[in-house]
Amino acid sequence: MPTPYEPAATRMRATPGAASEGVPARPPLLRDRADGPTPGVCAAVARHLGVSRRLVRIAVVVLAFSGGAGVAAYLFLWALTPEVEGATWAPPPPARSERRRWGVLLVAGLALVVTGFALLVPAVGVSVRGSVLVPTFVIGVGAVVAWSNLDATQRSRWLAGGPDGMGWVRVVLGAGLTLAGILVLVTRGRSVNDLWDAVLAALAVLVGALILAAPWALRLWGDFRREQDAAVRATERADIAAHLHDSVLQTLALIQRRSADPAAVTRLARAQERELRSWLYDGPLGSQESLAAAVTEVAHEVEDEHGVPVDLVVTGDRPFEQDGGALTRAMREALLNAVRHGRPPVTAYVEIGPGGVEAFVRDRGDGFDLESVPEDRLGVRRSILARMERHGGTARVRRREDGTEVELRLPPIEGEES
Amino acid sequence: MTSSRPDPTPSGVAVRVVLVDDHRMFRTGVRAELTDAMAGAEPVCEFVGEAADVDAAVAVVRAEAPDVVLLDVHLPGGSGNGGVDVIRGCAGVETLQGRPVRFLALSVSDAAEDVIAVIRAGARGYVTKTIGARDLLTAVRRVADGDAVFSPRLAGFVLDAFGAAAGEIAEVDEELDRLSAREREVMRLIARGYQYKEVAKELFISVKTVETHVSSVLRKLQLSSRHELTAWAMGRRLV
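Residues numbered from 1 in each chain as written. Chains lettered and ligands numbered in written order. Predicted model: local features only at pLDDT ≥ 70, side-chain atom pairs only at ≥ 80, totals over all residues. Heavy atoms only, no water.

An unreviewed UniProt entry lists chain B under the name Response regulator transcription factor, with Phycicoccus endophyticus as the source organism.

Next comes the structure, spelled out in structure tokens:
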């Protein structure tokens, strides 16, 4: 049966290994949220010193019994050690079942410690009465449990959503323990009834304080939210400004400098328009691994190189694979021919469907006869016709009344025929 | 560009056009270009008004009752839906000949939802602002005659939205949620950059038949409750 310590052991082996390269740099003294329900102080110290966790735990417990130094050190370290979630060296968070076992271990340990104290106190003969010690201890435990939720990372998570189930359990348990402890400490064996008036008075004061503080707290909360919103907006604005600076302003500067060259200006303006359009309407760049994206990129490339607008329409999509790559390259060649030898407008239509891919590139030039193209002109024959045939597709060059149309066809991806 | 000069109207009357766009420079540019393109020939259209926002546009259209409104998709004013608000605000306005006022969307936006939204609101067509002057004149004339004008891009959207590219074909022509096989062919050729005339030649049908098919696709686009179309419209809070 796998023990709960197995992952921990792997972790311990991994950490010194990572640090042993070159100068044995110590891992920073950081607590990791993935270390289970405890604050993770012992684990952090163990990691930092490169010793076994168990050793550290034993040391802390031993120290705790020598005048409480261990407890003090533990609390001190807990308060001052920053907590991180998943540091670079951190192992993957333990599985849920392990966390549960940790919880069981924790409760069992607490029970043992409490019993130990109860037995120990009369034996040692410390002149502290149990009626004070036990409630104080309970208060302490309650506070620790409740506070453990207020570590920095957890707090940010609270603001984002609610605490998770475990968090609520901790808060309720901690609050309950603390309240019970205080109650016991205060009553000191007297009847609860005697305290009733005092409790009522205390409650009244609390409610009064709440009423007084509520508007102030609400305003603080509102301010906080407003500040957050403003920060988000400012970030967005900064993003847009950065983008415009990198793209539009640069292009405008280029256009001013090259204003004598109308072709260059047209090209720059067209490229910028396309870039801005895709930024505005397409949202963040999707997967570039699709055939539609590849075809679009090729069309834009040709447009940029030759400054002739290409009207591209794409419907459907499919993953980019080798045959699609061949089609993309053949289409690039066809587009290049169209912008070089034909006349605008150059239109391209790519239909990607379950029946395969069809691509059409059309220009309005004088057209040419494939037969009249000299044998040594390789562009059309090799780059378009032969390439498509090699990849199981077909290509056809049609001379029309006005211009030429190149048709490329690919069969559907195998196994995906519908 | 091979599209011949548009035929003069049977009645010989120029199409009365209102130009709606929030950029003055663009309005001036379109007017100048179209005027240049008509120079030396019988005028195809005459500009009777301009507007820069939704409310002004509705007022001008109601006052002038033009044959065709060249309409930008994005406009300030109204309830924030730009061209769609203009079309809604002008519902029921009739031209001097007693025909409904037609709208032709003219926009830089290629976003599917913008295109589909104005078409579904009632525009007879959609062309991008990069269109040539001659083509624009042809489009204006066509819209004035009650036909539909599809740019290659709009045809691509239609093929995508109706699943025609994926092979969905209507069993009967009347089915609103799918294109018929013939309509699909016409749309594919338009997406490939063919003029109506070229489509007709390619399919061995008359230009009139091509126009009929395109109008039928437009009707489907406007009336269909197909999921993809509704989703687009929903995104613009139009349904």
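That was the structure; now back to the text.
Draft legend 1. Examining the side chain of A:Glu303 more closely. All names here are of chain A. Take glutamate 303: it is sitting in helix 11 (residues 291–306). Among the polar contacts listed, one links the side chain of glutamate 303 to the backbone nitrogen of valine 310, at a separation of 2.8 Å. Once you skip the residues sitting within four places of it in the chain, glutamate 303 turns out to touch Arg267, Arg270, Arg274, Val308, Pro309 and Val310. (Helix = DSSP H or I, 4+ residues; strand = E, 2+ residues; numbered from the N terminus. Polar contact = N/O pair within 3.5 Å; in protein donor to acceptor, adjacent residues only side chain to side chain. Contact = heavy atoms within 4.5 Å.)

Draft legend 2. The arrangement of the environment of A:Arg31 in detail. Mapped onto the elements of the fold, A:Arg31 is located in strand 1 (residues 31–32). C-alpha separation for the pair A:Arg31 and A:Leu77, spaced 46 residues apart in sequence, amounts to 9.8 Å.

Draft legend 3. Local environment of the nonpolar core. In this structure, B:Phe103, B:Phe150, B:Val158, B:Met187, B:Ile190 and B:Val214 are the most contacted members of the largest nonpolar core, which totals 58 residues. By residue number, the principal contributor to this core is helix 4 (residues 112–121) of chain B, which donates 6 residues. The residues contacting B:Val214, other than those within four sequence positions of it, are B:Ala148, B:Phe150, B:Val186, B:Met187, B:Ile190 and B:Tyr196. Core analysis: the next-biggest nonpolar cluster, separate from the first, contains 33 residues, A:Val339, A:Val346, A:Val350 and A:Val357 among them. (Core = buried A, V, L, I, M, F, W, Y, C linked by side-chain atoms within 4.5 Å. Buried < 20%, exposed > 50% of the residue type's maximum accessible area, 1.4 Å probe, protein only.)

Draft legend 4. Representation of the pairing of strand 5 (residues 356–362) of chain A within the structure. All names here are of chain A. With respect to burial, strand 5 is a largely interior element, 7 of its 7 residues being buried. Alternating positions in strand 5 separate into two faces, Gly356, Glu358, Phe360 and Arg362 on one and Val357, Ala359 and Val361 on the other, with burial throughout. Taking the residues that link successive antiparallel strands as the turn, the strand 4 (residues 346–353)-strand 5 hairpin has 2 residues. As defined by bridge partners, strand 5 adjoins strand 7 (residues 404–410) across 6 bridges and the pair is classed as antiparallel. Residue pairing across strands places valine 361 opposite valine 406, the latter belonging to strand 7. (Pairing = 2+ DSSP bridges.)

Draft legend 5. How the structure looks around the interface of chain B and chain A. Each partner contributes residues to the interface: chain B has 26 residues there, and chain A has 25 residues. Taken together, both faces of the contact between chain B and chain A bury some 2,000 Å²; the carbon and sulfur share is 44%. Where chain B packs against chain A, one counts 8 salt bridges. The shortest N-O distance in the salt bridge between A:Arg364 and B:Glu198 comes to 3.5 Å. The set of elements that each furnish at least two residues to the side of chain B that touches chain A consists of helix 6 (152–161), helix 7 (181–191) and helix 8 (196–203) of chain B. Of all the elements, helix 6 of chain B adds the most residues to the side of chain B that touches chain A, at 5 residues. Among the residues forming the side of chain B that touches chain A, the class breakdown is 9 nonpolar, 7 polar and 10 charged. (Buried area = accessible area lost by both parts, 1.4 Å probe. Salt bridge = Lys/Arg side-chain N within 4 Å of Asp/Glu carboxyl O. Nonpolar A, V, L, I, M, F, W, Y, C, P; charged D, E, K, R; others polar.)

Draft legend 6. Quick look at the sheet that holds strand 4 of chain A. Judged by pairing direction, the sheet is mixed, and its 5 strands sit side by side in the order 3-4-5-7-6 (chain A) without closing on themselves. Only two strands of the sheet have a single neighbouring strand rather than two, namely strand 3 (310–315) and strand 6 (394–399) of chain A. Averaged over neighbouring strand pairs, the angle between their axes works out to 10° when direction is ignored. Where strand 6 of chain A meets strand 7 of chain A, 6 bridges bridge the pair, whose relative direction is antiparallel. Counterpart to A:Thr394 in the pairing with strand 7 of chain A is A:Arg409. In the packing of helix 7 of chain B onto the sheet, contacts are made with strand 3, strand 4 and strand 5 of chain A, and the angle to strand 4 of chain A comes to roughly 135°. (Axes fitted to C-alpha atoms, helices over the stretch in contact; angles between N-to-C directions.)

Draft legend 7. A look at the packing of helix 8 of chain B against helix 9 (residues 207–223) of chain B. All names here are of chain B. The contact between helix 8 and helix 9 brings their axes to 8 Å, and the two run at 105°. Between helix 8 and helix 9, the angle is such that the two are roughly perpendicular. In this structure, helix 8 contributes Tyr196, Lys197, Val199 and Ala200 to the contact, and helix 9 contributes Val207, Val210, Glu211 and Val214. Taken together, the residues of the contact of helix 8 with helix 9 break down into 6 nonpolar, no polar and 2 charged. (Parallel < 35°, antiparallel > 145°, perpendicular 65-115°, else oblique.)

Draft legend 8. Representation of the pattern of salt bridges in the model. Evaluation of the coordinates by the stated rule reveals 26 salt bridges over all chains. Salt-bridge contacts for A:Asp261 lead to A:Arg258; the nearest nitrogen and oxygen are separated by 3.8 Å. B:Glu64 is the partner of B:Arg16 in a salt bridge, and the nearest nitrogen-oxygen pair spans 3.2 Å. A residue pair is termed long-range when its members are at least 10 positions apart, and B:Arg16 in strand 1 (residues 15–20) and B:Glu64 in helix 2 (residues 54–64) qualify at 48 residues. For B:Glu64, a relative accessible area of 29% gives the class partly exposed.

Draft legend 9. Expanded view of the pairing of strand 3 (residues 68–71) of chain B. All names here are of chain B. Here strand 3 shows no split at all, with Val68 and Leu70 on one side and Val69 and Leu71 on the other all buried. Pairing geometry for strand 1 and strand 3, over 4 bridges, is parallel. Counterpart to leucine 19 in the pairing with strand 3 is leucine 70. Pairing of strand 3 with strand 4 (residues 102–107), which is carried by 4 bridges, proceeds in the parallel orientation. Looking at strand 4, one finds that leucine 71 is bridged to alanine 105. For the segment spanning strand 3, helix 3 (residues 83–89) and strand 4, crossover handedness is right-handed. (Right-handed = clockwise from strand over helix to strand, strands pointing away.)

Draft legend 10. Spatial organisation of a nonpolar patch on the surface. A grouping of A:Trp196, A:Leu200, A:Leu203 and A:Leu206 is seen on the molecular surface, where their side chains present a nonpolar patch of about 440 Å² in accessible area. Among the structural elements, A:Leu200 can be located in helix 9 (residues 192–257). (Patch = residues over 30% accessible without salt bridge, like charges linked within 9 Å, V, L, I, M, F, W, Y side chains within 5 Å. Areas by Shrake-Rupley, 256 points an atom, 1.4 Å probe, with all protein chains shown as cover.)

Draft legend 11. View of the sheet that holds strand 3 of chain B. Residue and element names in this part refer to chain B. The 6 strands are arranged 2-1-3-4-5-6 in an open sheet whose pairing can be described as parallel. Looking at strand neighbours, the two that pair on one side only are strand 2 (45–51) and strand 6 (149–150), the edges of this open sheet. Note: strand 1 against strand 2, 6 bridges, orientation parallel. When the sheet's bridge partners are listed, valine 18 is paired in strand 2 with glycine 49. Docked against the sheet, helix 5 (residues 133–144) engages strand 1, strand 2, strand 3, strand 4, strand 5 (125–128) and strand 6, running at close to 150° with respect to strand 4.

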